[in-house]
Each structure stands twice: as C-alpha cells, then as structure tokens.
Amino acid sequence: MDPMFRYFLGFQVAADRAGWLARQLPPVSGDLFAGLKPQNYHLTLCTIAETAEAQPFLRSRVAAAFASGLPAASHIPFGRIMSRDSGAELTTVGSIGGVRHLYDRIVALLGAQGIEPMHRKSGLRPHITLGYGACDFDPVPAAWNWAPRELALIESHVGHRRHRVLQRWPLLPPPQGAFAFMEDEMPPPLRYAA
C-alpha cells in the first residue's frame, strides 16, 4: 500500500520571502507543470516516516529528541532557480558545509530516540521546490543567503499537496565570528598595573 502520510523536518520559507520567490519563477508553459502555493515553500531537511495511517505519537518522540535544544541555524547559500525533469526548484551555490553540519547534529539527536532519516542515499542536496511537472526554462539568478529561524515537523498528505505543521522549534541565529578586517579596529587589550 502506498503511503498516505509523510512526516518530515524542514524549514518553512517566511511569507515575504515566499512571495519574492514566487515572483522570480519565470512564466512556465505546459499543461503538466503545477506551481506550489508560496505558503508551502520549504526546504526538507529529512523525511522521518511514510505511513498509510496518521502517526499521532510521532510528534512527542521528535519533541523528546529536541528537549535538550537544537544547534544554531546555518546560512544556506541559494543562487538560482532551475528547471528539472520533475519541476522547478531554487538551488544552492557554493558551500553547504554549514547546513550539512546542522543536518548531522539534528540526525544525531533524532537517532537517540530511534528515529532515522529516510531517502538520503544520494546525500544532502538542499533546495526549495517551487512546482512539479515538466518545465523548461533557462536558469534564473536568485541570490539569497538564508538563515532559517525555526525547524518544523510537517505532516504531508501525499498526493494532495497539503501540509500541516505539527510543531516548531526555534533555532538560534548562526554564530558570528570576528572578521580579519575588524582586527585593526578593535581596541588594544586592557593592561592593569601590578
């Protein structure tokens, strides 16, 4: 039996940025392409269950995994909207090492509760799906360095394009270190007389 419910952890795109992304998508012709509603734009970090029936206790298991807190957010470097055989998506450019580290930390927390991510055999490929179905257009530049503010557990009703957020957890902002160009501007260390 095909799954009716998919449970995943991800980052939802804020309404103002979702509207901006929707406006960046070029006109797509063809009967097979269906754009997503901007309120459903998200980055799936990992799927944790696919089932025929709803899983009312999964939320409490995930909450227990995150009871000690989540790691800080990481910047995700998006750069262009691409057409794919299966739809359109916003893709990353440059290093995704920060989001990979965040993913590894979250997976370790889930593992302590016996929850394993699914569908990651090909590795982590952060992207935001903007629509499904055949489409063809030249890549569109869309530079955005995103630091998500919260992690969401989402229940997806497979085939119906309905998402229900079961719980959200805030993320701390990404850590910021001192930049080399600031070293000259920093005051000298205080010296105390003996």
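Preceding this paragraph is the structure being described.
The following refers to the structure shown. Just so it is clear, the model here is predicted, and its values are computed rather than measured.

Focus on the overall build of the chain
What the chain contains, in helices and strands, is three helices and nine strands. Counting across all 194 residues of the chain, residues that qualify as buried make up 40%. Accessible surface, the chain as shown: approximately 11,700 Å² in total, 53% of it carbon and sulfur.

Regarding the pairing of strand β5 (residues 87–92)
Of all the six residues making up β5, six are buried; the element is thus mostly covered by neighbouring parts of the structure. The alternating pattern of β5 places G87, E89 and T91 on one face and A88, L90 and T92 on the opposite face, and all of these are buried. Bridging between strand β4 (residues 76–84) and β5 involves six bridges; their strand directions are antiparallel. Bridge pairing in β5 places F78 opposite T92. Between the antiparallel neighbours β4 and β5 lie two residues. One ladder, built from five bridges, connects β5 with strand β6 (residues 127–132); its direction is antiparallel. By the bridge assignment, G87 is partnered in β6 with Y132.

Some remarks on the packing of aromatic side chains
Each aromatic ring pair is specified by the distance between its two centres and by the angle formed by the two planes. Applying the stated criterion across every chain, the model contains six aromatic pairs. Centroid distance W20 to W144: 6.5 Å. Interplanar angle 70 degrees. Geometry classified as edge-to-face. Taken as a pair, W20 in helix α1 (residues 15–24) and W144 in strand β7 (residues 140–146) lie far apart in primary sequence, 124 residues in all. Ring centres 5.0 Å apart and planes at 85 degrees place the aromatic pair F66 and W169 in the edge-to-face group. Here F66, found in the loop between α2 (58–65) and β4, pairs with W169, found in strand β9 (residues 162–170); they are 103 residues apart in sequence, far enough to count as distant.

A look at the sheet that holds β5
If you trace the five strands from one edge of the open sheet to the other, you get β2-β6-β5-β4-β7, paired in antiparallel fashion. What marks the edges here is a single partner per strand, and that holds for β2 (34–35) and β7. Lying over the sheet, α1 contacts β4, β5, β6 and β7, oriented at roughly 165 degrees with respect to β7.

Focus on the pattern of salt bridges
Pairing between side chains of opposite charge can happen when their charged atoms approach one another. Going through the model one piece at a time under the given rule, you end up with five salt bridges. Note that E50 is salt-bridged to R6, the shortest N-O span being 2.7 Å. On the criterion of sequence distance, the pair formed by E50 in strand β3 (residues 42–51) and R6 in strand β1 (residues 5–12) is long-range, its members being 44 residues apart. The exposure class assigned to R6 is partly exposed, which follows from its relative accessible area of 27%. The shortest N-O distance in the salt bridge between R125 and E89 comes to 2.5 Å. Note that R125 is positioned in the loop between α3 (97–111) and β6 and E89 in strand β5, a separation of 36 residues in sequence. Linked through salt bridges whose partners overlap, the residues forming this network are R84, E89 and R125.

Reading the values: rules and limits
- Residues numbered from 1 in each chain as written.
- Predicted model: local features only at pLDDT ≥ 70, side-chain atom pairs only at ≥ 80, totals over all residues.
- Heavy atoms only, no water.
- Helix = DSSP H or I, 4+ residues; strand = E, 2+ residues; numbered from the N terminus.
- Buried < 20%, exposed > 50% of the residue type's maximum accessible area, 1.4 Å probe, protein only.
- Areas by Shrake-Rupley, 256 points an atom, 1.4 Å probe, with all protein chains shown as cover.
- Pairing = 2+ DSSP bridges.
- Phe/Tyr/Trp six-rings, centres within 6.5 Å; stacked < 30°, edge-to-face > 60°.
- Contact = heavy atoms within 4.5 Å.
- Axes fitted to C-alpha atoms, helices over the stretch in contact; angles between N-to-C directions.
- Salt bridge = Lys/Arg side-chain N within 4 Å of Asp/Glu carboxyl O.

Just geometry here; none of it tells us what the structure is for.
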